[in-house]
Amino acid sequence: MTDIALKLFIAYALGSVMGSLLIGKLRRVDIRSMGSGNAGGTNALRTQGKWFALGVIVIDIGKGAFAAGWVPGLDFGSGVATPVWLPYACGAAAVFGHCFPLFFGFRGGKGAATLVGTLLVFDPILFPPLLVLFALIIMGFGFVGLSTMITANAATVLVWLRYGSDNMPFLIFAAVMGVTMIATHQANIRRMLDGTESRNTRLMVLRR
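About the thresholds
- Residues numbered from 1 in each chain as written.
- Predicted model: local features only at pLDDT ≥ 70, side-chain atom pairs only at ≥ 80, totals over all residues.
- Heavy atoms only, no water.
- Helix = DSSP H or I, 4+ residues; strand = E, 2+ residues; numbered from the N terminus.
- Rg over C-alpha atoms; globule rule 2.2 N^0.38 Å.
- Buried < 20%, exposed > 50% of the residue type's maximum accessible area, 1.4 Å probe, protein only.
- Contact = heavy atoms within 4.5 Å.
- Areas by Shrake-Rupley, 256 points an atom, 1.4 Å probe, with all protein chains shown as cover.
- Lys, Arg positive; Asp, Glu negative; His and termini not counted.
- Charge placed at Lys NZ, Arg CZ, Asp CG, Glu CD.
- Core = buried A, V, L, I, M, F, W, Y, C linked by side-chain atoms within 4.5 Å.
- Axes fitted to C-alpha atoms, helices over the stretch in contact; angles between N-to-C directions.
- Parallel < 35°, antiparallel > 145°, perpendicular 65-115°, else oblique.
- Left-handed = near helix turned anticlockwise from the far one by under 90°.
- Nonpolar A, V, L, I, M, F, W, Y, C, P; charged D, E, K, R; others polar.

1. Here's the deal with the overall build of the protein
Thinking step 1. Each helix and strand in the protein was counted, giving 10 helices and zero strands.
Thinking step 2. Over its C-alpha atoms the protein spans a radius of gyration of 17 Å, differing by no more than 12% from the 17 Å that the globule rule assigns to 208 residues.
Thinking step 3. Counting all 208 residues of the protein, 45% fall into the buried class.
Thinking step 4. Restricting the contact set of the protein to residue pairs at least 6 apart, pairs at least 24 apart contribute 67%.
Thinking step 5. For the protein, the computed accessible surface area is about 10,500 Å², with 68% contributed by carbon and sulfur atoms.
Thinking step 6. Charged side chains in the protein number 17 positive and 8 negative. The centres of these two groups are separated by 14 Å.

Pasting the structure below:
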């Protein structure tokens, strides 16, 4: 049990490594004091430009993939078998680490890019249809937050269609992550209801 707890902590700590804040320290900026105040890739793009945002996304996706694919297999010499649910628990721990980072005062991002990293490890076949859905919502409405929330919850449906009840750990993970994405986007929801949420009008090709 200690072995499992240690792996979960490592996954959480890995998730706490914030791409935007690491790169921001090199450039002496903290994007949490700019734009929407979020430490994720979207705010990085709006406030610092595409190359900064690209670095952020690579780090945040990568740590999700490492937490889900590498951490569960670590060998601490205990001889304890890896439970089938542990990769999903480690993936969730990384997402929560991104949202509430240990190293940055528990003020993090919304977890979407880190979630993408875990899904690429668990079942990359799910990624293309989710990416298409994300793009269609962006092109229709222009809201990144809305696209993220709908796509994250659609992942639960896809997991169910693909596995049914044969992979309950994955299904539970997807459902919990869908709810988490809604929880971390509460400010976006309020702004959309108020009519003050930023739209990416350049990508709204379905509204032209």
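2. With respect to the nonpolar core
Thinking step 1. Residues Leu 115, Phe 170 and Phe 173 are the most contacted members of the largest nonpolar core, which totals 20 residues.
Thinking step 2. For this core, the secondary-structure elements that each account for two or more residues are helix 5 (86-99), helix 6 (112-122), helix 8 (144-163) and helix 9 (168-184).
Thinking step 3. The dominant element in this core, judged by the number of residues it contributes, is helix 9, at six residues.
Thinking step 4. Not counting chain neighbours up to four residues away, the residues in contact with Leu 115 comprise Val 95, Ala 152, Phe 173, Met 177 and Met 181.

3. Focus on the packing of helix 2 (residues 19-27) against helix 4 (residues 50-69)
Working note: a packed helix pair is described by the angle between its axes plus the distance between those axes.
Thinking step 1. One can describe the packing of helix 2 onto helix 4 by two numbers: an axis separation of 8 Å at closest approach and a directional angle of 135°. Classified by the angle between their axes, helix 2 and helix 4 sit oblique to one another. For helix 2 against helix 4, the interelement crossing comes out right-handed. Taken together, the residues of helix 4 that come into contact with helix 2 (itself represented by Gly 19, Ser 20, Ile 23, Gly 24 and Arg 27) are Phe 52, Gly 55, Val 56, Ile 59 and Asp 60.
Thinking step 2. Residues of the contact of helix 2 with helix 4, tallied by class, amount to four nonpolar, four polar and two charged.

Any functional reading would require information that these geometric values do not contain.
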